[in-house]
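# Descriptive analysis of the structure
Each chain, written out:
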Amino acid sequence: MSDLILDPVKLDRLADVAIQTGLNLQPGQDLIITAPVEALPLVRRITASAYKAGAGLVTPILSDGEISKARFEHARDGSFDSAPDWLYEGMAKAYSNNAARLAIVGEDPMLLAECDPAKVAQAGKANAKAYKPALKKISNFEINWSIVSYPTKAWAMRVFPDLKPQEAVDRLADAIFAASRVDLDDPVAAWADHNATLRDRSDWLNSKRFDALHFTGPGTDLVVGLADDHEWHGGASQAQNGITCNPNIPTEEVFTTPHANRINGRVRATKPLSHQGSLIKDIEMVFKDGRAIEARASQGEAVLQELIKTDEGAARLGEVALVPYQSPISASGLLFFNTLYDENAACHIALGQCYSKCFVGGAALSENEIAQRGGNSSLIHVDWMIGGAETDIDGIMADGTKVPVFRNGNWAE
Ligand code: ZN
Ligand code: ZN
């Protein structure tokens, strides 16, 4: 447990932003929270905020890094296909009964870096399989859900390795509070303004009906075909249960579904990716007809190779997202080693599962109909960052006309 102290006023505001803006939790709604045990000061505040908003039952599920690591250090070989199906079945049942879902992230980004990548990948795959029924309700946006973060000591020391623990935690906390807009007097109102800006961007992209996006930058020359009937989203949006929520706090992206068979060219990552406790650096991939036919990394390549072998869809894309280089998280100049933050500091793509809400009328589409439109399916959804100060993006219309979308990392207009 951490004995480090965080600003109680800002933690209270973050709790309120999580409940009011992130989830927009409704009276009578149950809530499932997952969090690292170090985030207990925030979990307690969020629970209080939830009950004040009229929550039915709040159920927190806490995890601990040392306990996660103990499995890979001491569990017998052949045991890594196990996953707590019963737990995920229970979560899926709760979502079917309209429970909301909040994840608090903040684990050590390199927790499992010393562990056997094959065992970590095997356990990750078993977990993804067991989690799929519950995750589908999230990726189909059946209920309101959100992710917020908490500055644990282990995470803070990765971001600020030269600082003393309390200083590192304070710096990371300040960055989290600023990105989550809880350093402002009325964070909930500030989020409403920000959501309106993201809505304008996604409306513009939807009006253009681009056939593809062409990304260029150092090491990158990539044409990302967009799925038929794709729809751009950003900021707050309405879940199928009718509740409008902000699935990520913070969020700076507008995003949609690429076409699983129409990605061509090469792409170089602009930031390292922290994936399941390992760091993957300098990813480079070559895509042909949607599939990654080459994948390299200067560090963590074994983890990357295991990842794209997870299933057929794991070597294809399920998301493309635009984030300007001058967005506040990017402007902080920090590398967070945490996808919630790093993906909101740069344009990114995701290997794996697409979001059904990123199709016109997506909620009513069957899995088959989504696949016919070019939507990818996989057990994984892993975002990695491909945008930077030199990123240019052209939108390509069906007739071949090009429209500038990004110049030098920012919106062209
Ligand atoms: Zn994204
Ligand atoms: Zn994503």
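Definitions and cut-offs
Residues numbered from 1 in each chain as written. Chains lettered and ligands numbered in written order. Predicted model: local features only at pLDDT ≥ 70, side-chain atom pairs only at ≥ 80, totals over all residues. Heavy atoms only, no water. Domains from an automatic or database assignment. Buried area = accessible area lost by both parts, 1.4 Å probe. Salt bridge = Lys/Arg side-chain N within 4 Å of Asp/Glu carboxyl O. Polar contact = N/O pair within 3.5 Å; in protein donor to acceptor, adjacent residues only side chain to side chain. Helix = DSSP H or I, 4+ residues; strand = E, 2+ residues; numbered from the N terminus. Nonpolar A, V, L, I, M, F, W, Y, C, P; charged D, E, K, R; others polar. Donors = N, O, S within 2.8 Å, 3.2 Å for Na, K, Ca; no water. Buried < 20%, exposed > 50% of the residue type's maximum accessible area, 1.4 Å probe, protein only. Tetrahedral: all angles 85-135°; square planar, octahedral: opposite > 155°, others 65-115°. Pairing = 2+ DSSP bridges. Contact = heavy atoms within 4.5 Å. Axes fitted to C-alpha atoms, helices over the stretch in contact; angles between N-to-C directions.

### Some details on the domain arrangement of the protein chain
By domain assignment, the protein chain separates into domain 1 (8-179) and domain 2 (207-236 + 249-411). Looking only at domain 1, the three residues that lose the most surface to domain 2 are Pro109, Ser139 and Ala179, adding up to 19% of its buried area. At the surface where domain 1 touches domain 2, the tally comes to 1 salt bridge. Applying the counting rule to domain 1 against domain 2 returns 10 residue pairs in polar contact (both at pLDDT 80 or more). Mapped onto the side of domain 1 that touches domain 2, the elements with two or more residues apiece are α1 (8-23), α5 (117-139), β4 (145-149), α6 (153-159) and α7 (165-179). Residue contributions to the side of domain 1 that touches domain 2 peak at 10 residues, all from α5. When grouped by side-chain class, the residues that make up the side of domain 1 that touches domain 2 number 21 nonpolar, 8 polar and 6 charged.

### Observations regarding the coordination of the zinc ion (ligand 1)
At the metal site, the zinc ion (ligand 1) is ligated by Glu253 (OE), Glu319 (OE) and His348 (NE2), and these contacts range over 1.9 to 2.2 Å. Between the zinc ion (ligand 1) and the zinc ion (ligand 2), both coordinated by Glu319, there is a metal-metal distance of 3.5 Å. You can see Glu319 sitting in strand β16 (residues 317-322) and its partner His348 sitting in strand β17 (residues 348-352), a full 29 residues away along the chain. No difference in accessibility class separates Glu319 from His348, as the two residues are buried.

### Some points on the coordination of the zinc ion (ligand 2)
For the zinc ion (ligand 2), every protein donor is listed as Glu319 (OE), His381 (NE2), Asp383 (OD) and Asp383 (OD), and the spread of their distances is 2.0 to 2.5 Å. Here the zinc ion (ligand 2) is ringed by 4 donor atoms whose angles at the metal span 56 to 147 degrees, and the overall shape comes out irregular. The motif formed by the donor residues of the zinc ion (ligand 2), counted along the single chain, is E-x61-H-x1-D. Taking the relative accessible area as the measure of exposure, Asp383 reaches 8% and is therefore buried.

### Brief notes about the pattern of salt bridges
Oppositely charged side chains can form a pair if their charged atoms are brought close together. Throughout the structure, instances matching the rule amount to 16 salt bridges. Two residues, Glu367 and Lys136, come together in a salt bridge whose shortest N-O distance is 2.7 Å. Placement of the pair is Glu367 in helix α12 (residues 367-372) and Lys136 in helix α5, with a sequence separation of 231 residues. By relative accessible area, which is 58% here, Glu367 ends up exposed. The class of Lys136 is partly exposed, set by a relative accessible area of 32%. A salt bridge links Asp211 to Arg262, with the shortest nitrogen-to-oxygen separation between them at 3.4 Å. Separated by 51 residues along the polypeptide, Asp211 in the loop between α8 (187-208) and β5 (212-217) and Arg262 in strand β11 (residues 258-268) bring together distant segments of the chain.

### Notes on the sheet that holds strand β15 (residues 291-296)
Ordered by their spatial adjacency, 8 strands build an open sheet running β15-β14-β11-β6-β5-β19-β20-β21, and the pairing between neighbours is antiparallel. Two strands close off the open sheet at either side, each with one partner strand: β15 and β21 (410-411). Of the pairings in the sheet, the one linking β5 to strand β19 (residues 392-396) comprises 5 bridges and is antiparallel in character. Its bridge partner lying in β19, Ala212 is registered against Ile396. Its contacts with the sheet place α8 against β20 (402-407) and β21, and it is angled at close to 155 degrees to β20. Along the sheet, helix α9 (residues 301-308) contacts β14 (284-288) and β15; its crossing angle with β15, the most-contacted strand, is approximately 165 degrees.

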